[in-house]
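Secondary and tertiary structure notes
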Amino acid sequence: MNIIVEKNWDNHPHIALVKLNRPKVLNALSTDLMNELIDALFKLEDDKEVRVIVLTGDDRAFAAGADIAEMVEHTPVDKIMENRFRAWSQLPLIGKPIIAAVSGFALGGGCELAMTCDMIIAGDNAKFGQPEISIGAMPGAGGTQRLTRIIGKSKAMLMNLTGEMIDAKKAYDWGLVAKVVPAETLLQETFEIAKKIAAKAPVAVRLAKESINRAYETTLKEGMEFERRNFYLTFSSADQKEGMRAFLEKREAKYTGR
């Protein structure tokens, strides 16, 4: 089993933990693992109880990259026929928030996988990098694209062309991660963030995620129009009525995701 899924994580009904489970190879991202991951994420996407997903590895590695042993003899035709990136292309289709909790190495495909998540919480022992250049290749799942949009051209060039790793502090300073916490409390700290998100109105959370992602893919004018339409759309939800009434009545809102 390459993936472990824990629903009702820490007895919270709306949070699910997904753990990469190939510890002997530092959670290298094999084709089987990626297919299992996509299957697990879409099942959680369809689960009405789940509102937030946390994706993690283990203490040593979130994921240390692609499975090189699986790839070394491949030809371009092999890659095309294998359609390895089909799984990767489906990751952005998940509408629920996904938080990457990164401890240890997040290298190559591991860094790219973390970047497909909606935010990264890093343990202070985390290391990020795109080292593909050191084995005669280059990133193929966002290491030149998402990384450039997040940290800028010059820093992305530095990471991609030298293959050097950066530590958690630098990743935070460069805007790659949202928060750095002690490695020993990484999951606890991430759980607290997930709890805050899970307590919000699910429809509004989904629409806010959509709007933020659209900011990377369009002009400011088009993005503002998209944001405004989603803002209007929240007013068709029962949760918007509940949230505003609860505010006026000075009580805690009870959201149903409708």
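This write-up is about the structure you can find in this document. Given the structure is predicted, the values throughout are model-derived calculations rather than measurements. (Residues numbered from 1 in each chain as written. Predicted model: local features only at pLDDT ≥ 70, side-chain atom pairs only at ≥ 80, totals over all residues. Heavy atoms only, no water.)

1. Describing the overall build of the chain
A count of helices and strands for the chain gives 12 helices and 10 strands. Taken over C-alpha atoms, the radius of gyration comes to 19 Å for the chain, in line with the 18 Å a tight globule of 258 residues would show. For the chain, the spread of C-alpha atoms along the principal axes amounts to about 65 × 45 × 40 Å. Expressed as a percentage of its 258 residues, the buried residues of the chain come to 45%. Taking all contacts inside the chain whose residues are at least 6 apart in sequence as the whole, residues at least 24 apart take part in 67%. Of the roughly 14200 Å² of accessible surface on the chain, a fraction of 56% belongs to carbon and sulfur atoms. (Helix = DSSP H or I, 4+ residues; strand = E, 2+ residues; numbered from the N terminus. Rg over C-alpha atoms; globule rule 2.2 N^0.38 Å. Buried < 20%, exposed > 50% of the residue type's maximum accessible area, 1.4 Å probe, protein only. Contact = heavy atoms within 4.5 Å. Areas by Shrake-Rupley, 256 points an atom, 1.4 Å probe, with all protein chains shown as cover.)

2. Looking at the packing of helix α10 (residues 202-215) against helix α11 (residues 220-234)
Packing of α10 against α11 leaves a shortest axis separation of 9 Å and a crossing angle of 175°. Judged by the angle between their axes, α10 and α11 are roughly antiparallel. Of the residues in α11, those touching α10 at Ala204, Leu207, Glu210, Ser211 and Arg214 are Phe226, Glu227, Asn230, Leu233 and Thr234. Considered class by class, the residues forming the contact of α10 with α11 number four nonpolar, three polar and three charged. (Axes fitted to C-alpha atoms, helices over the stretch in contact; angles between N-to-C directions. Parallel < 35°, antiparallel > 145°, perpendicular 65-115°, else oblique. Nonpolar A, V, L, I, M, F, W, Y, C, P; charged D, E, K, R; others polar.)

3. Overview of helix α9 (residues 186-198)
Counted at 1.5 Å a residue, the expected span for α9 with its 13 residues is 18 Å, and the 18 Å between its end C-alpha atoms agrees. For α9, the full list of buried residues reads Leu186, Thr190, Phe191, Ile193, Ala194, Ile197 and Ala198. End-on view of α9: buried residues confined to an arc of 165°, all on one side of the axis. Turned more than 90 degrees off the buried face of α9, the exposed positions are Gln188 and Lys196. As for α9, its buried residues are in contact with β2 (15-20), β3 (52-56), β5 (98-102), β7 (119-123), β10 (179-181) and α10. (Expected span 1.5 Å × (residues − 1). Arc of directions from axis to C-beta.)

4. Digging into α10
Over its 14 residues, α10 runs 20 Å from end to end, which matches the ideal 20 Å to within 8%, given 1.5 Å per residue. Three or more residues of α10 are buried, namely Val205, Leu207, Lys209 and Ser211. Its buried side turned inward, α10 meets β5, α9 and α11.

5. A few points about the environment of glycine 243
Mapped onto the secondary structure, glycine 243 falls in helix α12 (residues 238-248). With near-sequence residues (within four places) excluded, glycine 243 lies in contact with Ala253 and Tyr255.

6. Here we look at the pattern of salt bridges
Applying the stated rule across the entire model yields 10 salt bridges. Two residues, lysine 179 and glutamate 189, come together in a salt bridge whose shortest N-O distance is 3.8 Å. Within this pair, whereas lysine 179 is found in strand β10, its partner glutamate 189 is found in helix α9, the two being separated by 10 residues in sequence. Lysine 179 gets classed as partly exposed once you look at its relative accessible area, which sits at 35%. Judged by its relative accessible area of 25%, glutamate 189 falls in the partly exposed class. Between lysine 221 and glutamate 225 there is a salt bridge, and its shortest N-O distance comes to 2.8 Å. Of this pair, lysine 221 and glutamate 225 both sit in helix α11, four residues apart, roughly one helical turn. Given the relative accessible area of 61%, lysine 221 is considered exposed. With a relative accessible area of 33%, glutamate 225 lands in the partly exposed category. (Salt bridge = Lys/Arg side-chain N within 4 Å of Asp/Glu carboxyl O.)

7. Some points on the environment of glutamate 217
Relative to the assigned elements, glutamate 217 resides in the loop between α10 and α11. A relative accessible area of 63% means that glutamate 217 is categorised as exposed.

8. Quick notes on the side chain of glutamate 242
You can see glutamate 242 is positioned in helix α12. From its side chain, glutamate 242 meets the backbone nitrogen of lysine 254 in a polar contact 2.9 Å long. If we ignore the near neighbours within four places in the chain, the residues touching glutamate 242 are Arg251, Glu252, Ala253, Lys254 and Tyr255. (Polar contact = N/O pair within 3.5 Å; in protein donor to acceptor, adjacent residues only side chain to side chain.)

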